[in-house]
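Summary of the model geometry
Each chain, letter by letter, is given below.
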Amino acid sequence: MTAPTTKRAWKLQEFVAHGANVNCLALGHKTGRVMVTGGDDRKVNLWTVGKPNCIMSLSGHTSPVEAVRFGNAEEMVVAGSMSGALKLWDLEQAKIIRTLTGHKANIRCLDFHPYGDFVASGSLDTNVKLWDIRRKGCIFTYKGHSNGVNCLRFSPDGRWVASASEDMTVKIWDLAAGKLLVDLKQHSGAVNSIEFHPSEYLLASGSSDRSIRFWELEKFQCVDCTDYDNNAIRSVVFHPDGACIFGGSTELLKVYGWEPSRCFDSVNMSWGKVADMAIAQTQLIGASINQTTVSTFVLDLTRVAPLGQVPSTPLPLSSSGRKNFTPDRPSTTSTKQQIPKPAEEPEEPGSILDDATEDNSSVADVKDLKEYEEVFKPNHKLALSPPRKMDPFPAPKEDDVSVANQMKSLAPFQPAVGSTKPSGSETYRGESRIPPQYRAPSLPPQQPAAPYQPPAAPHQSYQTPSNKPAGLDPADFMPPQQPSTMAIGDYDALGQMSKGHNSMSALLAARNKNLQIVRAMWSSGNVRTALESAIQMQDNSVIVDVLNVLNDKPHLWSLDVAALVLPHINSCMSSKHESHVMVACSSLKLILKTYSTLIRQNLAPPARLGVDISGEERHRRCVNIYKHIQDIRHCIDSKKYQRGKLENTFREIQLLLNHLDT
């Protein structure tokens, strides 16, 4: 009988990464074996991929951490917070280098320059800033986006920086000239991820419109576009030899080619909110976030088309005849890459003193000294032997159930992060995979059978004097027992227990019936009629279910739909159920991001140069929507100081509302 084949994709691990929700994650793209996370607990934690123990925890931020990024050599980490501050850490020295302030809202994305000591940051305040690490200052602020910046990437030659935004555009900025080079506008949804080709003048962008577009960077035009996926594209990464690109969505990882556009392969990953991907030798490493937990996944590239179906020799770098980026570091007159730049922006009053105070309060806490020495201090060892080669992660058998899934129900919750022992079912160096409290006791050597003894009466520990509290009688704290004249039967006991269950079952059955009615109308193609039907049912749960569908399918929204559901979004905002409030906030953010510019432009009546029925109707709807949004604003203002999960959401809505009024 032949041995079972191994899986080509599998979940490597799942662990609790922070004591609060994880907001951001980044993999080291040099080795693919290190990972950094940031969370609502205001900490930055570093990990080795495949191990559940925190190597080092960096503290000092005064607000939740929302963006992290490794340096190109994985020797530094930069982290951005909700307050708009950046902190740069030297991992080899385990100390902070700089605190940089200047953004007025949440930091959303970061990237290191490929050669010089520069960092770029993108923010919810719509600006992109370029920072000089050595001089501790902002070199230049690039303004032009109309919504938050989601992703930043420097070009391989270090001359440009590209920014992707919620405003559905990709902008490329010339660092030497300090100005916008081109504005790429063909996406119909927020652009979530961008990546330069490793050698050719080509840029790829993944969007919430479920497509990846390829932009040629000599004439700055879109040369290809993939077929639409089932979900938004969350992350893209080119193969190091440039032969293909990987696009990650909620469920799938797809391998694409371009010119002509084609999908080489599709792998069901089921990784959810994938945050980053990296290539490590013959494997692709992916990492995703779910509340306080982080999961890592592995894909065997030798079993993925086209990489596993052709010889391993790389494709020619200029197979398309396209111009190439300069592969080597540009020559300069000093040891550092120089970027011609405008005058450095002045520091805000008191910012230098504040940053120095923050630096003093920032601490690097090494949790696992042995792992830290091995991962982040290799340069301090004598190079008497070649560096240790990192073996690929072994693939589990195809018919085996993942150990993590087998033991998930047994793994106890760990409130502390970065313990020195493996957590849950994850163990190493041949230790048992079952936590000690769940192991079966070891059996003593078998003894001869003893003669039969009648069973003794059950031992009642609470009646022994040694277990009674001194001077107290536990019976005094128990409710008085009523004498029972008749023992209750099993049937009566089940009847009493099912009383609450029956009422809940009836409620869910009625809700299901209402949803089936809405679904039947929706399937007929009349979305407005389905929405009106859901509204007439006067059931907030049904309305929330419908809003969830609309949030997952942004192309269904229109001014008409927005005007119809906004009053009910307002009522959901006041709900006592947090899930209802979150869904309502998501719908409101989507409306503001998509239609704020159109609403602002149509608040004034159209010019009376003739009969413009469509213009007058659009004006009426925009005024109506604006009034509903102002009503919701009062609700948001009353909740903007609320702490917890909704704090960041309300803050983001406030910024979008301010953009509507500008």
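Rules used throughout
Residues numbered from 1 in each chain as written. Predicted model: local features only at pLDDT ≥ 70, side-chain atom pairs only at ≥ 80, totals over all residues. Heavy atoms only, no water. Phe/Tyr/Trp six-rings, centres within 6.5 Å; stacked < 30°, edge-to-face > 60°. Helix = DSSP H or I, 4+ residues; strand = E, 2+ residues; numbered from the N terminus. Buried < 20%, exposed > 50% of the residue type's maximum accessible area, 1.4 Å probe, protein only. Salt bridge = Lys/Arg side-chain N within 4 Å of Asp/Glu carboxyl O. Pairing = 2+ DSSP bridges. pLDDT = per-residue confidence, 0-100. Contact = heavy atoms within 4.5 Å. Expected span 1.5 Å × (residues − 1).

**Considering the packing of aromatic side chains**
Throughout the structure, instances matching the rule amount to eight aromatic pairs. Between the aromatic rings of Tyr-142 and Trp-173, the centroid separation amounts to 5.4 Å while the plane-to-plane angle is 50 degrees, which identifies the pairing as tilted. Of the two residues, Tyr-142 is situated in strand S13 (residues 137-142) and Trp-173 in strand S16 (residues 170-174); the sequence distance between them amounts to 31 residues. Exposure remark for Tyr-142: the relative accessible area of 3% places this residue in the buried category. Look at Trp-173 and you get buried, because its relative accessible area is 2%.

**So, the pattern of salt bridges**
Counted by the stated rule, this structure contains 16 salt bridges. As a salt-bridge pair, Arg-69 and Asp-111 come within 3.2 Å of each other at their nearest N and O atoms. Of the two residues, Arg-69 is situated in strand S6 (residues 65-70) and Asp-111 in strand S10 (residues 107-112); the sequence distance between them amounts to 42 residues. Just as Arg-69 is buried, Asp-111 falls in that class too. Glu-166 is the salt-bridge partner of Lys-593, the closest N and O atoms lying 3.4 Å from each other. Placement of the pair is Lys-593 in helix H8 (residues 578-601) and Glu-166 in the loop between strand S15 (160-165) and S16, with a sequence separation of 427 residues. We classify Lys-593 as partly exposed; its relative accessible area is 25%. One network of salt bridges, in which partners are shared, links Arg-108, Glu-166, Lys-589, Lys-593 and Glu-652.

**Thoughts on the pairing of strand S5 (residues 54-59)**
Of all six residues that make up S5, five are buried, and the element is covered over most of its length. Note that strand S4 (residues 43-48) and S5 share five bridges and pair antiparallel. The residue bridging Trp-47 from the neighbouring strand is Cys-54, located in S5. Adjacent in sequence and paired antiparallel, S4 and S5 are bridged by five residues, among which Gly-50 carries a positive phi angle near 100 degrees. Pairing of S5 with strand S29 (residues 363-366) involves four bridges; the strand directions are antiparallel. Bridging from a neighbouring strand, Ser-59 pairs with Val-363 of S29.

**Some remarks on the confidence of the model for the protein**
When pLDDT drops low, the exact placement of atoms in the prediction is not to be read closely. Overall, the prediction assigns the protein a mean pLDDT of 77, with 73% of residues at 70 or greater. Every residue in residues 311-319 is under pLDDT 50, and counting partners more than four places away or in other chains gives 10 contacts. Taken together, the stretch residues 400-467 has pLDDT below 50 and engages in 61 contacts with residues farther than four places along the chain or on a different chain.

**Some words on the environment of Ala-177**
With respect to the helices, strands and loops of the structure, Ala-177 is situated in the loop between S16 and strand S17 (179-184). Taking relative accessible area as the criterion, Ala-177 reaches 42% and is therefore assigned partly exposed. In the structure, Ala-177 is positioned 17 residues away from Trp-160 in sequence and 9.9 Å away in space, judged by C-alpha atoms.

**Looking at helix H10 (residues 646-661)**
Taking 1.5 Å of rise per residue, the 16 residues of H10 would be expected to cover 22 Å, and the 23 Å separating its terminal C-alpha atoms lies within 8% of that figure. Turning to H10, its buried residues are Leu-646, Thr-649, Phe-650, Glu-652, Ile-653, Gln-654, Leu-656, Leu-657 and Leu-660.

**Some thoughts on the pairing of strand S24 (residues 252-257)**
The two faces of the sheet receive side chains in turn, since in a regular strand these alternate between them. A large share of S24 lies buried, amounting to six of its six residues. Alternating positions in S24 separate into two faces, Leu-252, Lys-254 and Tyr-256 on one and Leu-253, Val-255 and Gly-257 on the other, with burial throughout. Taken together, strand S23 (residues 245-248) and the strand that follows it, S24, pair antiparallel across an intervening segment of three residues. Hairpin remark: S24 followed by strand S25 (residues 262-268), antiparallel, with four residues in the connecting loop; positive phi at Glu-259, about 50 degrees.

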